[in-house]
Amino acid sequence: MASQENKLVVIPRDEAKIKKLWKTAGILFVLTSIELVFAFTLPRGIFLYLLFIALTIWKAKYIMMDFMHLGEEAKPLFYSIVVPLIFLLWFVIAMIREGSDIFLIRW
């Protein structure tokens, strides 16, 4: 039986990638902290809900671009993911609106 040597090659640290990762984590931390502060200080209402939706979409953009590596991909691939999400959001809003209208008609 022949012995096999495992040759482990250590790639040097890429400081630019590490800095970008920490920057993204910091941005996500700040956005989450802002959401937390708004949750406990602002009164409940449409403004708070729209603010949460906007901050969540902003956080999703950072997660998609950096952690899912869509920032380096071709634009058509990015748009093939983002555009259906926009239509899905529109569909959910339309169904909520339709459901509330049907509820008002029944009562």
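One structure accompanies this document, and this report is about it. (Residues numbered from 1 in each chain as written. Predicted model: local features only at pLDDT ≥ 70, side-chain atom pairs only at ≥ 80, totals over all residues. Heavy atoms only, no water.)

**Some words on helix α2 (residues 46-67)**
If you check α2, its first and last C-alpha atoms are 31 Å apart, about what 22 residues at 1.5 Å a residue would give, namely 32 Å. Within α2, the full set of buried residues consists of Leu48, Leu51, Leu55, Lys59, Tyr62, Met64, Met65 and Asp66. At the C-terminal side of α2, His69 shows a positive phi close to 60°. (Helix = DSSP H or I, 4+ residues; strand = E, 2+ residues; numbered from the N terminus. Expected span 1.5 Å × (residues − 1). Buried < 20%, exposed > 50% of the residue type's maximum accessible area, 1.4 Å probe, protein only.)

**Let's talk about the layout of surface pockets**
To find leftover empty space, a probe the size of one water molecule is rolled over the atoms. Counted as a void, the largest pocket has a volume near 310 Å³. Taken together, Ile53, Thr56, Ile57, Ala60, Lys61, Met64, Phe78, Val82, Leu85, Ile86 and Leu89 make up the lining of the largest pocket. Only α2 and α3 (75-106) provide two or more residues apiece to the lining of the largest pocket. For the lining of the largest pocket, a count of residues per class yields 9 nonpolar, 1 polar and 1 charged. (1 Å grid on protein atoms, 1.4 Å probe; cavity = no way out; pocket = protein on both sides within 12 Å on 5 of 7 lines; lining within 4 Å. Points joined across faces, edges and corners; volume = space filled by probe spheres on them. Nonpolar A, V, L, I, M, F, W, Y, C, P; charged D, E, K, R; others polar.)

Functional significance is not addressed by these values, which are geometric in nature.
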